Amino acid sequence: MSSSSSATVRRILREAGIGLALLAMIVFFAAAAPDFSTHENISNILTQITINLILATGMTFAILIGGIDLSVGAVMALCAVVAGRLLTLDGMSEPLAVALGVAGSLAVGMGCGAANGWISSFWGIPSFIVTLGMLNIARGGALQVTNARTIYDFPDSFNAFGTATVLGVPVMFVIALVLLGLGWLVLTRTVFGRMIYAIGNNEEAVRLSGHRPLLTKVLAFTVTGLFVGIAAIVYMARLTIANPILGVGFELNAIAAVIIGGTSLSGGRGSLIGTLLGAAIIGVLANGLILMGVSDFIRQIVTGVVIILAVVLDSYRARLARG
Amino acid sequence: MSSSSSATVRRILREAGIGLALLAMIVFFAAAAPDFSTHENISNILTQITINLILATGMTFAILIGGIDLSVGAVMALCAVVAGRLLTLDGMSEPLAVALGVAGSLAVGMGCGAANGWISSFWGIPSFIVTLGMLNIARGGALQVTNARTIYDFPDSFNAFGTATVLGVPVMFVIALVLLGLGWLVLTRTVFGRMIYAIGNNEEAVRLSGHRPLLTKVLAFTVTGLFVGIAAIVYMARLTIANPILGVGFELNAIAAVIIGGTSLSGGRGSLIGTLLGAAIIGVLANGLILMGVSDFIRQIVTGVVIILAVVLDSYRARLARG
Amino acid sequence: MTQVNEPILRLSGVSKRFPGVLAVDGISLDVAPGEMLALAGENGAGKSSLIRLLAGIHRPDSGEMRLAGQIYAPQTPLDAIRAGVRVVHQEFNLLPALSVAENLLFEHLPRRRLGPIGGIVDRREMDRRAEALLARVGLDEVGPRTPVERLGIAQKQLVEIARALSGDLSSGGRVLVLDEPTATLTPREAGRLFEQIRLLKASGMTMLYVSHHLAEIFALCDRVAVLRNGALVDTMRTADTEPAALVGSMIGRTLATQAPIGGGTPGAPALSVRGLRPRGSPEDGALDFAVREGEIVGLAGLVGAGRTEAVRAIFGADPAIAGTIERDGKPVRIRSPRDAVDAGICLLTENRKEEGLVLPMAARVNTTLARLKLVSRFGWLRPAAERAETRRLAKDLATKITGPEQPVIELSGGNQQKIVLAKWLMGDKARVLMLDEPTRGIDVGAKAEIYALLGQLAQEGRAILVVSSELPELTHLCDRILVLSRGVLAGEVARPDFSEERILSLAYSRYTQAHWQTH
Amino acid sequence: AWAQLKKPVVGLVMKSLANEFFKNMQEGALRHVEERGDCTLIPLGIQSETDIDGQIALVENLITRKVDAIVIAPADSRALISPLVRAAKAGIKLVNIDVLLDANALKKHHVEIVFVGPDNKEGAKMSADVLAKALGAGGKVVILEGNPGAANGVQRKEGFMESIAQYKLDLLDSRTAHWETEEANTVFSNMLTAHPDIQGVMAGNDDMAIGVVKAIEAAGKKGQIKVIGFDGIAAIQPLIKNGEVLATVDQFGAQLAADGIDAAMKEIGGQTLTGWVKTPMKLETAATI
Ligand SMILES: Nc1ncnc2c1ncn2[C@@H]1O[C@H](COP(=O)(O)OP(=O)(O)OP(=O)(O)O)[C@@H](O)[C@H]1O
Ligand SMILES: Nc1ncnc2c1ncn2[C@@H]1O[C@H](COP(=O)(O)OP(=O)(O)OP(=O)(O)O)[C@@H](O)[C@H]1O
Ligand SMILES: [Mg+2]
Ligand SMILES: [Mg+2]
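Please read these numbers as outputs of a predicted model, since none were measured by experiment.

Opposite the 44 residues of chain B that make contact, chain A presents 44 residues. Interface area, chain B with chain A, both sides summed: about 3700 Å², of which 81% is carbon and sulfur. Of all residues in chain B, the largest losses of buried area upon contact with chain A belong to Trp123, Phe128 and Phe297 of chain B, amounting jointly to 18% of the total for that side. Taken together, chain B and chain A are joined by zero salt bridges. Across the chain B-chain A interface, the total number found is two residue pairs in polar contact (both at pLDDT 80 or more). Those elements that place two or more of their residues in the side of chain B that touches chain A are α4 (94–122), α5 (127–146), α11 (250–260) and α13 (296–322) of chain B.

Residue and element names in this part refer to chain D. Read across the sheet, six strands follow the order β2-β1-β3-β4-β5-β11 without closing on themselves; strand pairing throughout is parallel. Either end of the sheet is taken by a strand with one partner, and the two such strands are β2 (40–46) and β11 (276–278). Each neighbouring strand pair of the sheet contributes to a mean axis angle of 20°, computed without reference to strand direction. As judged from the three bridges shared by strand β4 (residues 93–97) and strand β5 (residues 114–117), these two strands associate in the parallel manner. Along β5, the bridge assignment pairs Val95 with Val114. Sheet strands touched by helix α3 (residues 52–64): β1 (9–16), β2 and β3 (69–72). Its angle to β2, the strand with the most contacts, is close to 160°.

Residue and element names in this part refer to chain C. Near ligand 1 lie 21 residues; those nearest to it are Lys47, Ser48, Ser49, Glu410 and Gly414. The separation between an oxygen atom of ligand 1 and a polar side-chain atom of Gln90 is 3.0 Å. At a separation of 2.6 Å, an oxygen atom of ligand 1 approaches a polar backbone atom of Gly414. Protein coverage of the free-state accessible area of ligand 1, which is 630 Å², stands at 93%. Residue assignment for the shell around ligand 1 shows that the elements contributing at least two residues are β2 (21–31), α1 (47–54) and α14 (413–425). Looking at the shell around ligand 1, its residues break down into five nonpolar, 11 polar and five charged. Taken domain by domain, the makeup of the shell around ligand 1 includes at least three residues from each of domain 1 (9–84 + 169–251) and domain 3 (351–430).

With that settled, consider the coordination of the magnesium ion (ligand 4). At this site the magnesium ion (ligand 4) is bound by Thr308 of chain C (OG1) and Glu350 of chain C (OE), with donor distances of 1.8 to 2.4 Å. Highlighted residues: Thr308 of chain C in helix α9 (residues 307–315) and Glu350 of chain C in the loop between β18 (345–348) and α11 (352–356), separated in sequence by 42 residues.

Moving on, we come to the UniProt feature "domain: ABC transporter" (unreviewed entry) in chain C. Sites flagged by UniProt as "domain: ABC transporter" (unreviewed entry) map to residues 9–254 and 268–511 of chain C. As annotated, residues 268–511 of chain C comprises 35% helix and 25% strand, and the C-alpha atoms at either end are separated by 34 Å.

On to the coordination of the magnesium ion (ligand 3). Residue and element names in this part refer to chain C. Taken together, Ser48 (OG) and Gln90 (OE1) make up the protein donors of the magnesium ion (ligand 3), found 1.9 to 2.1 Å from the metal. In this pair, Ser48 is assigned in helix α1 and Gln90 in the loop between β6 (85–88) and α3 (100–104), connecting sequence segments 42 residues apart. As far as burial versus exposure is concerned, Ser48 and Gln90 are alike and both buried.

What follows is about the domain arrangement of chain C. Residue and element names in this part refer to chain C. For chain C, the assigned domains read domain 1 (9–84 + 169–251), domain 2 (268–344 + 432–442 + 463–519) and domain 3 (351–430). The C-alpha centroid of domain 2 is placed 35 Å from the C-alpha centroid of domain 1. Contact residues are listed per partner, giving 11 residues for domain 1 and 12 residues for domain 2. On the domain 1 side of the interface with domain 2, the three residues burying the most area are Thr184, Thr186 and Arg188, jointly 49% of the side's total. The interface formed by domain 1 and domain 2 includes zero salt bridges. Inspection of the region where domain 1 meets domain 2 yields three residue pairs in polar contact (both at pLDDT 80 or more).

Moving on, we come to the relation of the copies chain B and chain A. Superposition record for chain B on chain A: RMSD 0.1 Å, screw rotation 180°, translation along axis 0.0 Å. When the rotation and shift are considered jointly, the pair of chain copies conforms to a two-fold rotation axis. In terms of C-alpha distance to the rotation axis, chain B has Ser266 of chain B as its closest residue, with the C-alpha 4.4 Å off the axis. Mapped onto chain A, 100% of the interface residues of chain B again fall at the interface, so both copies present the same surface.

The next subject is the site of ligand 2. Residues and elements named next belong to chain C. In the neighbourhood of ligand 2, 17 residues make up the surrounding shell, with Gln155, Arg307, Thr308, Glu309 and Glu350 lying closest. Arg150 has a polar backbone atom sitting 3.4 Å from a nitrogen atom of ligand 2. At 3.0 Å, a backbone N or O of Gly306 approaches an oxygen atom of ligand 2. Burial of ligand 2 by the surrounding chains reaches 86%, relative to a free accessible area of 620 Å². Contributions of two or more residues to the shell around ligand 2 are made by α5 (153–170) and α9. A class-by-class count of the residues in the shell around ligand 2 yields six nonpolar, seven polar and four charged.

Definitions and limits used
Residues numbered from 1 in each chain as written. Chains lettered and ligands numbered in written order. Predicted model: local features only at pLDDT ≥ 70, side-chain atom pairs only at ≥ 80, totals over all residues. Heavy atoms only, no water. Contact = heavy atoms within 4.5 Å. Buried area = accessible area lost by both parts, 1.4 Å probe. Salt bridge = Lys/Arg side-chain N within 4 Å of Asp/Glu carboxyl O. Polar contact = N/O pair within 3.5 Å; in protein donor to acceptor, adjacent residues only side chain to side chain. Helix = DSSP H or I, 4+ residues; strand = E, 2+ residues; numbered from the N terminus. Pairing = 2+ DSSP bridges. Axes fitted to C-alpha atoms, helices over the stretch in contact; angles between N-to-C directions. Near = heavy atom within 4 Å. Areas by Shrake-Rupley, 256 points an atom, 1.4 Å probe, with all protein chains shown as cover. Nonpolar A, V, L, I, M, F, W, Y, C, P; charged D, E, K, R; others polar. Domains from an automatic or database assignment. Donors = N, O, S within 2.8 Å, 3.2 Å for Na, K, Ca; no water. UniProt positions renumbered as here; feature names shortened; annotations may be inferred. Buried < 20%, exposed > 50% of the residue type's maximum accessible area, 1.4 Å probe, protein only. Least-squares fit on C-alpha atoms with pLDDT ≥ 70 in both.

Now the structure itself:
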């Protein structure tokens, strides 16, 4: 029992490490930029991290199982333009159009995710390269579907959803949090989650224990894709458009959030709580630097430095904790 | 002994696998696009793959040692703008300016590479995240140095170099090949090279054997950076300009070449011959599809499909070879 | 300077604490130059931990080590190697994609200068030295350029040993530490290893030796230090003591001599193998045999005889070239371990680190890994049930864990092995239990308990197939022993005819030439 | 087929086709060529607007294919010169569209290439002037720039700056959002927090203008902040109609390419064109739609 509780303490310390970095950042910006801690700005930050948080939640599944998904940005564009098409089909009632659009986005996301998972695990090739291929396929597909044009004129009820708030908190963020919570339950409480961690650590041992890692891997990537589909819907509702070039580079932001959150890139270790903190760090940084009036180029440099520092600090703290 | 020679056969088969894919592609394009096999076009292809080949050669070092370098495109821009500044300094003789420029580019590349290597191995954090940070730092730095402006008006002798040919073959390509050959010797014949493979295989075992992986890792990333510096010079000589936004996404092309070439993303396995073939596949594909008049979006989709297919085929062949 | 009688290695009050356990508890010990000292103790007694302190992997929390009179406080493995302390660790530390030669000489690759460029590997010299080293451990049939990943586990063990020998040749090793080097070796390889050990001893090398095979300790070592719960409880001269006393000292009680297990009345065939040709087996190597309910069958053979490949093929871990499997007389199609498990066939793999365990995860995760259905409902885990099962099995197998949440990577080698056993013993679905080197690294006391447990399982009507390189283990456990020689079923020995000579002669029967070959 | 083989071949090299403006351009070019009926078109684009090397490869491929003329919207005003000079040496007629090639560099190589295109700077000023007039002197504005270093982005910002100077506006901040809607939305929300008194926004393209409009809505300041864009994409039209966007500028991409092709055909026919053939631009406001 003592080891169990000390393990818990260590885990909390691990996540608190990133939490402390986040806290330090918040304190700094609150002091340096007076507008930072206003209610409106906090609501802005929540809105701004929502999409990355959703993508990063999905990405956590892919990374925990020992993979990675570079295609999320491009697949998100494909989801969005397909959903956009469905949303703007002629002669449909609003609710039906919305339902179709959402279903279409989720279906495309899950389809691409499942394809990523299946190809990489059935053929035993790194998901890095499979999803790099998928990135090109999805982006080209999105462009082909739309002929490079922006889709707009979505039903009003759909657009209204994008900026709705409850008690001053953006509804989209609440949804993202709920999804994260569900993801956390799945990862920590279900057999599927257990398999994800186990495969991420030692796939061969899982196979030799009489399981079929293939199925779990396909499912994990499908979950990643599902979250991409959700992110696409959130994007569209918030910006009221869908275009085939959206989401460029979103994968790197999502991966950064996951890794800053302490999840191991080699799989099997990490948690969604870390991902939440990682996404928050990235969002707070972007927001705070603009409020401070830091110029674009310097902002980019500082962002790079902070990404590295966050992980270095975490490693330093872990070193201290180990003694 | 028999086992050693059969290992050689199998290794050849492994590399031949990708070679066969390349051959098939060449035969296909030669039949489908009449201009493909002209002398000019072949020279074009060689020119067009040169930069990716140089970057991929360097990337092979980072990947073999179990890392990755996402910063090569951005660092290449930083190298280029620094070199551009030095090349266009007032009141210098042409040879001196060229020497300074080249030295500057290599120094910046090696510096960034060494920083990547040191941070990731000293702190034990994945190079993925460190080089993602470096990507932002270098890109922001390049923009800051130039204030987002293009640098041009390099000495004529420098620019001439970019389009020079020997016996109809672009000089730049010859240089890239020679560098690849040197890299191959280093990897296969030197203690440093064996150390790279060993660390990529099992870093812990290397440590237990009484070696210090840190230095080798820093050096390997420095080599990656050196190649980035070289690529920057080649780029500048070919384009006669240096700007801070060049090289966006080059890292993904370089990584794709390395992986298509059969090098394992988890390190310790692979060879530069594969990288050469991988870079050739990517270059031939891009060239051939344009000659065939495939539309841009379809071209992007096909590229994605081929990236995946190349690796799937390789895995399929390996499966057959294993029996 | 070293005086004649001064100990080469002196430990005074050395301790090392890990979270939750005091792994090394104030050990004070002298080792004389040229002495061969055995470290004995139960699983988790602290032997490997002590060795890791010597090797510079961990640093003691307190106490002092002296080597030849000098303070010895290695901060890294490099310090240890420089000081002349060489270690063969319990777990392998090999470079799988690199060649055997590179692995052997990795610490100091032979170099050549090419003009101004140094650091060129001298491959011819490397092969030459590698061949010499391989010959010393009797692995001369393996080419120096073979990638290590293609070797079987025993061959890997021999490469590890040969590597430690390489050190003493080049850098003047003074102390050689061997942590369970024979755990996967058959008598032939072990014999060759002992020859080398004797040679080294004759040359004045000081050695520390860990083994759970007491016979080896008595045959080789001058003295034995007994550890219990991290503390040194006793040291004795092997000449002045006997195995039973040593066991008593190790486990704190005397172990009743056990009646052989086996001997029940076997029922219908539970597993029948027909014309099975595992991957890499010879043309004429089709295997035909059956294991009946309630029967314990042994599979003996020399290293590389193909035992592991046979059980892996039955389990569907590797595709077989040909053959059919029958369960309870009905043919079953096994294309993956999943099919095998569904058919009630289980395999405890020989390589726990790579194939058996999810090392960084908790004991409960590993224990329940193959039987998640029993601790979940509609896909939801029941953590309480998981913990309860884990505790129960840990108790049954006397596994030393601090709790169900302890990561398996923190356990001692033998305790890890027990977790793998627990994984397959959980629930009662394993009607046919195949065990590949099940007691690798398990101490004498626990071994006896495991034997008893296997006997009990057989009584319950399960069919058990045991692969082991330890002949006494097989003769103690089994009703029958099948002997493989170079991938071919060379014969079968029934209990009344059990004798090491008979089994060994069958095992050797296909190796007529001086050298046997790898596939 | 024989007749087709004899038709002159024109290569159209564009920047990223993943962009509505260039896509319109390409489609306009294809339509125009069909109408003309006397030439064959090879339309090509690169994958991102920063892929200069890729565009050079396209030019090289066209030289290999021995086309009769190349109409190019260069990704960089200098880097493309050396391959274009090679094309000229190979007897290929050249027409420069969209972004002006660097005159000095061309002069150095003794080549003259006709430029057919709009004046980005002038267009940006036209659009900004609408905003400036609406706000009056002292109006507080911010700029959202395109990709740093992109020629058209730089020119548009220059146009904005000229308008700001002329009408004595107060520029509070100027940042890049890389031409992107989502980034513009985020960046502008943050600018708005830092400067709650923003009255007007000049966005380098319509995609960013849309992101800004949504940020204004989300901040509950609909109608209080005026926005202008550039490009005249379809998605901006409803926003202009309902007043959320004040103005944008349509450069008639389709016409631009057609004019470029006409110029190329004239050159193939033996005429020599030089200088800048300015193409029309249209200011779009609620009044014009
Ligand atoms: N890194 C670690 N973290 C926590 N506990 C550890 C660690 N390494 C070893 N231990 C604990 O220290 C104790 C001693 O382990 P050690 O490996 O030294 O045993 P051993 O005598 O070698 O046993 P075996 O015969 O099974 O190999 C065990 O209880 C083990 O769980
Ligand atoms: N992929 C492979 N390529 C080449 N040889 C292999 C390969 N896999 C196994 N071998 C060799 O096949 C032989 C049979 O191995 P196997 O592990 O089945 O034997 P074993 O009787 O279980 O002996 P042990 O496990 O004690 O080594 C070994 O010599 C092993 O080195
Ligand atoms: Mg041990
Ligand atoms: Mg075996």
